[in-house]
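Chains, contacts and geometry: an overview
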Amino acid sequence: MKILLCFTIGLFMLDSCMSHTLFTCEPVHVQWCHSMPYNTTFFPNMLEHYDQDIAAVKMKHFMPLASLRCSPDVHLFLCQAFVPECRKHTHVLRPCRELCERVLSDCSRDMLTFGISWPPELQCDRLESCLVSPDGSAVSSVEVTTSRISQSSGRDLGFWCPLQLKTRPGQGGSFLGAQDCAPPCDYMYLKTQEVQSAKIFIGVCSIVCLCATLFTFLTFLIDVKRFRYPERPIIFYSVCYSFVSLVYFVGFLLGNKAACNEPSLPGRVWTVVLGAQSRVCSLLFMLLYFFSTAGMVWWVVLTITWFLAAGPKWSCEAIEKKAVWFHTVSWGLPGVLTVVLLVLNKVEGDGISGVCFVGLYDLAALRWFVVAPLAIAVLVGLSLLLAGIMSLNRVRQVIQHDEQNQEKLKKFMIRIGVFSGLYLLPLLVLLGCYLYEQAHRSYWENNWISRHCQEYSIPCSRHSVDEKGPELSLFLIKYLMTLVVGISAVFWVSSKKTCSEWASFLKRTRKKDPIRESRRVLQESCEFFLKHNSRVQHKSKHYKSSSHKLKVVSKSMGTSTGMHTPVNSNHDNTPVSAAIRNHYIPSQSISDPHRSSEMSIQEHTGRIGSTAPAERRSKADSSSRISSHAESSHRLTPKEDLLQADQSSAHCTNTQ
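Residues numbered from 1 in each chain as written. Predicted model: local features only at pLDDT ≥ 70, side-chain atom pairs only at ≥ 80, totals over all residues. Heavy atoms only, no water.

- An unreviewed UniProt entry annotates the chain as Frizzled-6 of Cyprinus carpio.
- What the UniProt record of the chain gives under Sequence similarities (unreviewed entry) is the line "Belongs to the G-protein coupled receptor Fz/Smo family." (UniProt positions renumbered as here; feature names shortened; annotations may be inferred.)

As structure tokens, this is what we get:
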């Protein structure tokens, strides 16, 4: 176990070493340093120059000080700083602090005259103190042992982080193998005009996808019972991609505020956020990665539910019992992967879309956290989908004689096929874009180094780079396929039933003003009660009510007076009984209330002469019918109550 661990650490250290250039001593080619007492030099120097040509260009600005001889040690100091002396391939002589302070003090006036600024890398307090020789004199240089040794005189030109792209130590970011380094915010592989066009394109696509996914989710909310298992996961994956489109839309609105860092020092440039440096960037990353991964998992769950319904013939209730497991896997697995990426500090800002994701510059993270889950989801989902379609095809062959069900099953299979194609095709294209990007990323990086080595003062590659940068269409297709996946859910919910549900929903929302409607109902109720009370008061002045009359009126109105009245079995044939059974007033009683009242009086007179046993037998039936009529009277409108009151009044008059 110890041997394996040491072997792994050795490979990691070898990979770290090979990612940088292996330098050695080389002859001095800078013309201003030919008169120095040494003829070999070592790069990079203390100013992070990686080539003598770049050092000569930077040193040229300080040569007026050497020409003026403002200090007797200025020429030696400049050569030791820009073109240091190299000894025995492992030792470099650099200027010391006292020499720097003496030169800076002597030449400060001339520097102001010529407008020369002292570089921050040559600050005297950053240098080591001068050594004292045995004779007591100060030595003007400090010997430094180099950490990179090469037995050959050639160079393996690699990437060294330029000063413009350096980040604060300890943040854990790395770019092209260089620690404490970050990519430029201006996208490396595209021009400025192309980046702006891509931003607008992503913003438009995010709006379209957001509208489509919200339409699917709102359709589900209108009729929740309509979308049951096995098709319920379509709603959940639609919700996931609504969040994905929302994150891209927020990134479009924020620009590069969340994905990029401002320059920390003068002379630096905007760099991409690496790691959990920004809270906004980390939040966008968590939402985007979590919901995009959850959407893929819900697609796999959808194929599983379809397979269970088509293959083993599971019912909707049986599949719904497993919903807890479906939710646990669909939300738990993306959450675990998101936390792992945050712990590993793999968050990276995207200079094109303005959001933060993973694998934009780290190929290993792209391979294991983006490409691998996407490939697994496509393979598993496609396998289950094909198995389910084959099961449905066997069922269709069994029911060949049932043309109606066979036609329904055929339409369902076509619907599943089209929906799955609309989902799988973008995922396959997106997977192809990731694989193509992973295969050509190293060539694009070498091309970028060759084009910007002079600008950033980093070593240029000695090998010709024939590989061109990526085309704009590649990134447009990648972002389009990422967002268009959510639009496929609209196809599944698009039907005549959806149109009718939305029409009825909009019709309900366009009802009359509720305040005006309530006022109208209240006014009609008040008019009815006022009219009814006036009639009751008018009749009470001219007629004396008796208990017998009160019982007749109470029965016609469907109320109880608390007094028991003998009831005959012929009560079922009265108009009042028919109204109780049918919950409405008969047309005969409405058109001729006096006639119905006379019939009620005659039947009531016949019931008085009936025997006691009949009274006892019909008492329960009468009470139940009266209670049902009392319940139905609450459902009558004011107009129907008015007609019933007129009938009761006529009944009372005829009785008298």
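More follows now that the structure is in view.
1. Section: the overall build of the chain
- Tallying secondary structure elements over the chain gives 22 helices and 11 strands in all.
- Taken across its 656 residues, the chain has 43% of its residues classed as buried.
- For the chain, contacts bridging at least 24 residues in sequence account for 74% of all contacts bridging at least 6.
- When the accessible surface of the chain is summed, it comes to about 36100 Å², and 60% of that surface belongs to carbon and sulfur atoms. (Helix = DSSP H or I, 4+ residues; strand = E, 2+ residues; numbered from the N terminus. Buried < 20%, exposed > 50% of the residue type's maximum accessible area, 1.4 Å probe, protein only. Contact = heavy atoms within 4.5 Å. Areas by Shrake-Rupley, 256 points an atom, 1.4 Å probe, with all protein chains shown as cover.)

2. Quick word on the packing of aromatic side chains
- Summed over the entire model, instances satisfying the criterion amount to 30 aromatic pairs.
- Relative to Trp-502, the ring of Phe-215 lies with its centre 5.5 Å away and its plane at 15°, an arrangement referred to as stacked. Of this pair, Phe-215 sits in helix 6 (residues 192–222) while Trp-502 sits in helix 15 (residues 496–509), placing them 287 residues apart in sequence.
- Take Phe-215: its relative accessible area is 29%, and that puts it in the partly exposed class.
- Judged by centre distance (6.0 Å) and plane angle (90°), the rings of Trp-502 and Phe-505 are edge-to-face. Of this pair, Trp-502 and Phe-505 both sit in helix 15, separated by three residues, roughly a single helical turn. (Phe/Tyr/Trp six-rings, centres within 6.5 Å; stacked < 30°, edge-to-face > 60°.)

3. Thoughts on a nonpolar patch on the surface
- The grouping of Ile-200, Val-204, Val-208, Phe-252 and Leu-253 at the surface amounts to a nonpolar patch, some 460 Å² of accessible area in total.
- Elements that contribute at least two residues to the nonpolar patch include exactly helix 6 and helix 7 (233–254).
- The biggest single contributor to the nonpolar patch is helix 6, with three residues.
- You can see Leu-253 is positioned in helix 7. (Patch = residues over 30% accessible without salt bridge, like charges linked within 9 Å, V, L, I, M, F, W, Y side chains within 5 Å. Salt bridge = Lys/Arg side-chain N within 4 Å of Asp/Glu carboxyl O.)

4. A few points about unusual backbone geometry
- Between Tyr-229 and Pro-230 the backbone carries a cis peptide bond, its omega angle lying at 20°.
- Locating Pro-230 in the fold gives a position in the loop between helix 6 and helix 7.
- Non-glycine residue Lys-313 carries a positive phi angle of around 60°.
- Mapping Lys-313 onto the fold places it in the loop between helix 8 (279–310) and helix 9 (316–320).
- The partly exposed category is assigned to Lys-313, whose relative accessible area is 49%.
- Despite not being glycine, Asn-345 has its phi angle at roughly 60°, a positive value.

5. Brief notes about the state of the cysteines
- Within the structure shown, the criterion is met by seven disulfides.
- Cys-161 shares a disulfide with Cys-181; S-S distance 2.1 Å. The S-S bond linking Cys-161 to Cys-181 shows a torsion near 85°; that makes this disulfide right-handed. Here Cys-161 is found in the loop between strand 5 (141–145) and strand 6 (174–175), whereas its partner Cys-181 is found in the loop between strand 7 (178–179) and helix 6, with 20 residues between them in sequence. The pair formed by Cys-161 and Cys-181 is uniform in burial state, with each residue classed as buried. (Disulfide = S-S within 2.5 Å.)

6. Some remarks on the pattern of salt bridges
- Scanning all chains against the criterion turns up six salt bridges.
- Salt-bridge contacts for Glu-317 lead to Arg-228; the nearest nitrogen and oxygen are separated by 3.2 Å. One end of the pair, Glu-317, is in helix 9; the other, Arg-228, is in the loop between helix 6 and helix 7, with 89 residues separating them in the sequence.
- Glu-317 gets classed as partly exposed once you look at its relative accessible area, which sits at 44%.
- One salt bridge connects Glu-437 with Lys-478, and the closest N-O pair in it is separated by 3.5 Å. Of the two residues, Glu-437 sits in helix 12 (residues 403–456) while Lys-478 sits in helix 13 (residues 472–484), which places them 41 residues apart along the sequence. There is no split in this pair, since Glu-437 and Lys-478 are both buried.
- Taken together, the salt bridges that share partners define one network made up of Glu-437, Arg-441 and Lys-478.

7. Some thoughts on helix 5 (residues 97–114)
- Taking 1.5 Å per residue as the helical rise, helix 5 with its 18 residues ought to reach 26 Å, and the 24 Å between its terminal C-alpha atoms agrees with that figure.
- Cys-107 marks the point of greatest bend in helix 5, at about 55°.
- When we look at burial in helix 5, the residues that qualify are Leu-99, Cys-100, Val-103, Cys-107 and Met-111.
- Those residues of helix 5 that are buried lie in contact with helix 3 (63–68), helix 4 (74–82) and strand 4 (91–95).
- Looking one or two residues beyond helix 5, the residue adopting positive phi is Gly-115, at roughly 70°. (Expected span 1.5 Å × (residues − 1). Bend = angle between axes of the 7 residues up to and from the residue.)

8. Quick word on helix 2 (residues 52–59)
- Of all the positions in helix 2, only Gln-52, Ile-54, Ala-55, Ala-56 and Met-59 are classed as buried.
- The elements touched by buried residues of helix 2 are strand 1 (26–27), strand 2 (40–41), helix 3, helix 4 and helix 12.

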